[in-house]
Each structure stands twice: as C-alpha cells, then as structure tokens.
Amino acid sequence: MAAGHLAFAFGLLGNVISFMVYLAPLPTFRQIYKKKSSEGFQSIPYVVALFSAMLWIYYALLKSDTTLLITINSVGCFIETIYVAVHLFYAPKKARVQTLKLIVLLIVCGFGFIVLSTHFLVKASKQANVVGWFCLVFSLCVFVAPLCIVRKVIRTKSVEYMPFLLSFFLTLSAVMWFFYGLLIKDYVIAIPNVLGFSFGVLQMVLYSIYRNADKISTEQKLPEIQTQIIILDNHKIPELNEKIIDIAKLGELLSSEKIQVVSQLNNNGIEAPQHPNLPKESHV
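What you are looking at is a predicted structure, and each value in this text was computed from that prediction instead of being measured. (Residues numbered from 1 in each chain as written. Predicted model: local features only at pLDDT ≥ 70, side-chain atom pairs only at ≥ 80, totals over all residues. Heavy atoms only, no water.)

Draft legend 1. Region of interest: a nonpolar patch on the surface. Taken together, the side chains of Val16, Phe19, Met20 and Val75 define a hydrophobic patch exposed on the protein surface, amounting to about 310 Å² of accessible area. With 3 residues, helix H1 (residues 2-23) is the largest single contributor of residues to the nonpolar patch. Along the chain, Val16 falls in helix H1. The class for Val16 is partly exposed, based on a relative accessible area of 45%. (Patch = residues over 30% accessible without salt bridge, like charges linked within 9 Å, V, L, I, M, F, W, Y side chains within 5 Å. Areas by Shrake-Rupley, 256 points an atom, 1.4 Å probe, with all protein chains shown as cover. Salt bridge = Lys/Arg side-chain N within 4 Å of Asp/Glu carboxyl O. Helix = DSSP H or I, 4+ residues; strand = E, 2+ residues; numbered from the N terminus. Buried < 20%, exposed > 50% of the residue type's maximum accessible area, 1.4 Å probe, protein only.)

Draft legend 2. Focus on the side chain of Gln203. Here Gln203 lies in helix H9 (residues 187-210). Within polar-contact distance, the side chain of Gln203 engages the side chain of Ser167 at 2.9 Å. (Polar contact = N/O pair within 3.5 Å; in protein donor to acceptor, adjacent residues only side chain to side chain.)

Draft legend 3. Spotlight on the environment of Thr81. Among the structural elements, Thr81 can be located in helix H4 (residues 67-90). Judged by its relative accessible area of 40%, Thr81 falls in the partly exposed class. Considered as a pair, Thr81 and Ala49 are 32 residues apart in the sequence and their alpha carbons are 9.5 Å apart. At 2.6 Å, the side chain of Thr81 and the backbone oxygen of Cys77 are in polar contact.

Draft legend 4. Representation of the layout of surface pockets within the structure. Of the volumes computed, that of the largest pocket is approximately 2,000 Å³. As for the largest pocket, its lining consists of 50 residues, of which Val21, Pro45, Val142, Leu166 and Leu170 are closest to the centre. Elements with a contribution of two residues or more to the lining of the largest pocket: H1, helix H3 (44-62), H4, helix H6 (124-144), helix H7 (147-156), helix H8 (164-183) and H9. With 8 residues, the top contributor of residues to the lining of the largest pocket is H3. Residues belonging to the lining of the largest pocket are distributed by class as follows: 32 nonpolar, 15 polar and 3 charged. (1 Å grid on protein atoms, 1.4 Å probe; cavity = no way out; pocket = protein on both sides within 12 Å on 5 of 7 lines; lining within 4 Å. Points joined across faces, edges and corners; volume = space filled by probe spheres on them. Nonpolar A, V, L, I, M, F, W, Y, C, P; charged D, E, K, R; others polar.)

Spelled out as structure tokens, the structure:
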C-alpha cells in the first residue's frame, strides 16, 4: 500500500516536471509568432515528441493502473500539436513540405503500423509487451539524441546551445519516472529513464565546466585590443600630425604664390579674374 502511494507521488511529480519541460519551447514560438517566421527552427523535435506521446498513450491504454502516464502524455500531445501547427503556419514552403513528410512518416505510417500490426497480428495478452518494446527502443533513441549536443559543447567549449534549466528539468523528470516505473514494476518505463538521468547529469557537468569559457576567452582578448590602441596613440598619431602640418604649410605656400602672381598682373594693367560669387571692384 505504501509503495502504491509512493508511486503515485513520483508519478504526480513526474507529471508536473514533464509539463514544465513541454512548456520550455514557448519562448521560441513566441519569437516565431512575433516575427511571423520560423527563422530556420527545425520541426523535428516537436514531431518526434508528438509521436513519443502518442506511443506512450497507446501503451498505457493496454496496461492497467497507468492513469498518470495517460494524463501527461495527453497534455503532451495537445501542446506538441500546437507547436507543429504554428511551425507549419509560419514556416517557408520548403520547411513546411519537410515537416509534412516527417508527419506522414512518423505519425501516419509509423504509429499507424504499430497500432494495426499489434492489434491484428499479436494476441491481446501480448500486445502490451510488444508495444512496450517499441516504447523502450524509441525512448532510448530519444535519450541518445543529446549526444550530438554534448559533442558540440566539448568541441566548441561553449554551452550556448545547451540551456541549463532544460537539462535540469529533463534530469529531474527522468528521476521521477524511473522511480514511478520501478515502484509499479514496469521496467519499460524505468529502464529508458536510467539513460535519460545519466545523460542529464553529463549535460549539467559539462555546463558547469564550460559555462565561463566565453567569458575567459573575452577577457584574454581585451589586453590585445588595449595594446593596439596604445601603439596607435604612440606612433600613428604623431605621424598623422606631421602630415597635417606639411599639408598646411604647402597650402600656405601656394596661397602666397597665387597672391604674388595676382599682384603682378594688376601692376601690369591686366585685370585678374575674380570669383563669380564676389562683387567686382568698382573703379572711380
């Protein structure tokens, strides 16, 4: 009885935390709505999340005492459907076609194949086990996906593309669902979350290691910029000043020679040309 209450507590916490994870992309879609463009954001994570939620709902319907699994994945289906619809509405034609192809491949063909094959080709008593294996394999693939981000963080020494809060909530979610699956003795739920917890901890460790990498590299570049400014002040400016003085002297010399030529012309009785904007001299 105590184990049942504990399982319910972990399942309820898993619902709350998973709901927060589902809401994590809201700032991205708010930006898409404001700019009326998908801005190159990929729809793959949202279509995959929608497929995963649908698969877990189908598995939960074949099992008993999995109400908490149905509730969170139903909410997930609703939220992910909105995300996909918004992406389709604001995406350019090429991205929209790619998203529709992915929906047909995963949702229509993939999920449709799993439902029809297990319903017609598998005995009712074995259907939950078969669908459970599909859920297990797919969940493992989803949890392995962040390895690309981990590799990028290690290569670039930057955590720009790995938000800490998202990694933190994903790790907490994996912990809650692991204990929920363990307490209700459903290893299809528990096993994938072991991998999810491991990768979540790895991401947070990498974040703590590389979070100050950008700041350190910026501080190392600042002295070089200051040195260049000092060199410019000490060497370049005197040279520029000398050139300006030489140009000024040359201008004065040319002006004095022009005045001498004009005065000689006037002395010889030849009228010097005047500027068109200046009034002509009046001779009395």
